[in-house]
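# Results of the structural survey
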Amino acid sequence: MKILICNAGSTSLKFKLWRMPELEVLAEGKVERVGSDSAIFHYQAGGFAIDADGLSVPDYTDGIRRFLDALSAPEGGAVASLTEIEAVGFKTVLSRDHYGVHFLTPEVLEGMRAYLSVAPAHNGPYLEAISVFERLLPDAPRVGVFETAFHRTIPMARRIFPVPYEWYDKYGVMRMGYHGASHGYIAQKLKHKCRVISCHLGGSASICAILDGQSMDNSFGFSLQMGIPHASRTGDVDPYLVPYLLEQGLTLDEIYEGLGKNGGMKGLSGTSGDIRDVDAAIRAGSPRAKLALDVLATHILRYIGAYTMEIGGLDALAFTGGIGENYAPLRRMVLEGMAHMGVVIDEDANERGSGEHIITAPGSAIEAHVIPANEEFMVVNETYRLCKSNAD
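### Focus on the overall build of the protein
- A count of helical and extended segments in the protein gives 15 helices and 14 strands.
- Relative to the compact-globule value of 21 Å for 392 residues, the protein shows a C-alpha radius of gyration of 21 Å, a close match.
- Counting only C-alpha atoms and orienting by the principal axes, one finds that the protein spans roughly 60 × 55 × 45 Å.
- By the burial criterion, 51% of the 392 residues in the protein qualify as buried.
- Long-range pairs, those at least 24 residues apart, make up 61% of the contacts in the protein between residues at least 6 apart in sequence.
- Carbon and sulfur atoms make up 53% of the accessible area of the protein, which amounts to about 17400 Å² in all.
- Charge centroids of the protein, computed over 35 positive and 48 negative side chains, lie 2 Å from each other.

### Let's talk about the environment of E367
- Among the secondary structure elements, E367 is positioned in strand 14 (residues 367-370).
- Excluding anything up to four places from it in sequence, E367 contacts K193, D315, A316, L317, I358 and T360.
- Engagement of the side chain of E367 in a polar contact is seen with the side chain of H369, the distance being 2.9 Å.

### Here's the deal with helix 1 (residues 60-72)
- Helix length check: helix 1 (13 residues) gives 19 Å between terminal C-alpha atoms against 18 Å at 1.5 Å per residue, within 8%.
- Those residues of helix 1 that fall on the buried side of the exposure criterion are Y60, T61, G63, I64, F67, L68, A70 and L71.
- The distance from a side-chain oxygen at the start of helix 1 to the backbone nitrogen of T61 is 3.3 Å, and the residue carrying that oxygen is D59.

### Topic: the sheet that holds strand 12 (residues 316-320)
- Strand order in the open sheet formed by six strands is 11-10-9-12-14-13, and the pairing between neighbours is mixed. Whereas interior strands pair on both sides, the edge strands pair on one side only; in this sheet they are strand 11 (214-218) and strand 13 (357-358).
- Sheet topology note: the strand 9 (residues 195-200)/strand 10 (residues 206-211) ladder contains six bridges and is antiparallel. Bridging from a neighbouring strand, S198 pairs with C208 of strand 10.

### Considering the sheet that holds strand 6 (residues 85-90)
- Pairing in this open sheet of eight strands is mixed, and the strands run 5-4-3-2-1-6-8-7 from one edge to the other. Looking at which strands have only one partner, the edges of the open sheet turn out to be strand 5 (48-57) and strand 7 (101-103). Taking the axes of each pair of neighbouring strands and ignoring which way they run, one obtains an average angle of 20° across the sheet.
- Inspection of the sheet shows strand 2 (residues 12-19) paired to strand 3 (residues 24-32) by eight bridges, in the antiparallel sense. Its bridge partner being in strand 3, L17 is matched across the sheet by A27.

### Some remarks on unusual backbone geometry
- Cis geometry marks the peptide bond from M20 to P21, where omega comes out at 10°.
- By secondary structure assignment, the location of P21 is in the loop between strand 2 and strand 3.
- A positive phi angle, near 50°, is found at D212, a position not held by glycine.
- Owing to a relative accessible area of 58%, D212 belongs among the exposed residues under this scheme.

### Examining the pattern of salt bridges
- Per the counting criterion, the structure on display carries 19 salt bridges.
- Close ionic contact of K261 with E257 constitutes a salt bridge, the shortest N to O distance being 3.7 Å.
- Residue K261 is classed as exposed on the basis of its relative accessible area of 51%.
- With a relative accessible area of 35%, E257 lands in the partly exposed category.
- Here R276 ties to D274 by a salt bridge, and the two come within 2.7 Å at their closest N and O atoms.
- Residue classification places D274 among the partly exposed residues on the basis of a relative accessible area of 26%.
- Among the ionic contacts, a cluster of salt bridges with common partners joins K91, E147 and E375.

### Some details on helix 13 (residues 328-336)
- Buried within helix 13 are the following residues: A328, L330, R331, V334 and L335. For helix 13, the angular spread of buried residues about the axis comes to 160°, placing them on one side.
- Looking at the buried side of helix 13, the elements it contacts are helix 11 (287-310), strand 12, helix 12 (321-326), helix 14 (347-351) and strand 14.

### Some thoughts on the packing of aromatic side chains
- Per the stated rule, a full pass over the model turns up ten aromatic pairs.
- Where F15 meets F67, the ring centres are 4.4 Å apart and the plane angle is 10°; that geometry is what we call stacked. Taken together, the positions of F15 in strand 2 and F67 in helix 1 put the pair 52 residues apart, joining distant regions of the chain. For the pair F15 and F67, one class covers both residues: buried.
- Where Y185 meets F377, the ring centres are 5.6 Å apart and the plane angle is 65°; that geometry is what we call edge-to-face. Separated by 192 residues along the polypeptide, Y185 in helix 6 (residues 180-189) and F377 in helix 15 (residues 375-391) bring together distant segments of the chain.
- Residue Y185 is classed as buried on the basis of its relative accessible area of 11%.
- An aromatic cluster is built from F15, Y43, F48 and F67, whose rings are joined through pairwise contacts.

What counts and how
Numbering of residues starts from 1 in every chain and runs along the sequence as written. Where totals are concerned, whole chains, interfaces and linings use all residues; where local detail is concerned, this predicted model gives features only for residues with pLDDT of at least 70, and gives and counts side-chain atom pairs only at 80 or more. Hydrogens and waters are ignored; side-chain quantities use all the structure's heavy atoms. Elements are defined by DSSP. Helices are runs of H or I of four residues or more, strands are runs of E of two residues or more, and each kind is numbered from the N terminus. Radius of gyration here uses only the C-alpha atoms, and the compact-globule reference equals 2.2 Å multiplied by the residue count raised to the power 0.38. For every residue, the accessible area (1.4 Å probe, protein chains only) is compared with the maximum for its type, and the residue is labelled buried under 20%, exposed over 50%, or partly exposed between those bounds. We call two residues contacting when some pair of their heavy atoms lies within 4.5 Å. Accessible surface area values rest on a Shrake-Rupley calculation with a 1.4 Å probe, where residue burial reflects the displayed protein chains alone. Here Asp and Glu are counted as negative and Lys and Arg as positive; His is not counted, and neither are the chain ends. The atoms used to mark charge sites are NZ of Lys, CZ of Arg, CG of Asp and CD of Glu. Here a polar contact is recorded for every N or O atom pair within 3.5 Å, except that within protein the pair must consist of a potential hydrogen donor and a potential acceptor, and residues adjacent in sequence are included only if both atoms are side-chain atoms. A helix's residues, less one, multiplied by 1.5 Å, set its expected span. Here a strand pair is declared whenever DSSP counts at least two bridges between the two strands. To define axes, lines are fitted to C-alpha atoms, for helices over the stretch in contact only, and angles between the resulting N-to-C directions are given on a 0 to 180 degree scale. Think of a salt bridge as a Lys or Arg side-chain nitrogen and an Asp or Glu carboxyl oxygen that are within 4 Å of each other. Comment: arc refers to directions from the helix axis out to C-beta atoms. Pairing of aromatic rings covers Phe, Tyr and Trp, the last through its six-membered ring, and needs centres within 6.5 Å; plane angles under 30 degrees mean stacked, over 60 mean edge-to-face, and all others mean tilted.

Encoded structure:
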């Protein structure tokens, strides 16, 4: 069975075509800067590759067509025709009343629309990409592997907010938990460990407490705004900032911009929020950039401390995501902050390039791992499972 996995961002598309159940990646590709005349397209299938930039890719339809055309191109070995793609899986985020793995029926899509205000940067792009595949591959079932799926095991005492109970009962206000595919992959990779904390650190970041392979807590809340600082989203702040700033003369739109697009590492550091820019500013002597990194490390440690208590101790810590895998200085700051717990860092291992490896020394009370994210692995497995069970 050939299954295509699509990861849709606000200006990007990523693809992987898998043969299942062999878990063989037949082709992969990405389109960056969708909606511009300076788009980048990369495609790889075996020894055949396409690398092009300066392209006009006005919308998702054009970006998706480019990948599908490359799949069937004779010069690339004609990896798959459109009729050979038997399902399309998406790393979807949130749909009201649908929190697991679902065929993307009209009801599930309507649930995604109902939460557009909660996850605007995520649900909008996915709804658009799903509609394109519905037109281009009408016979291939579309499956949503929602990021909330892994977190359905979080106990209610940690899931519900201390708000009027009717808000939960009537409006569904509760901790959803996100980055489920990433944290679920860490749970599989470290299944031999009982008590695990997974740190998915990237432009969007979250911490997850895992006990015996199941999610026990996640730093995200009802929306993807909560938790540790993100590239441009604030993470945890006092909700009463909103009425106070309104009284100071800011508009609601300006406050939302500050919380969601100009906060986080970007707002504190005065850079773009990309960790590479933050690091460059630190090296240039910027106190604001150094403060931003200190704040991020402090919030990560705060959640690690709380989650260690929740799951009764800690056997392993995992760093994943673009920052977690590639930025050694932050990993060092976190592990040094855990020295009182018996954590001993292996400096040489920590400085090593990306790839799966242990970065604590022998004898460390807690093992710290760097594990490259592989969300597509989780999405394709769940997509295959649902399609197979439906066929049976």
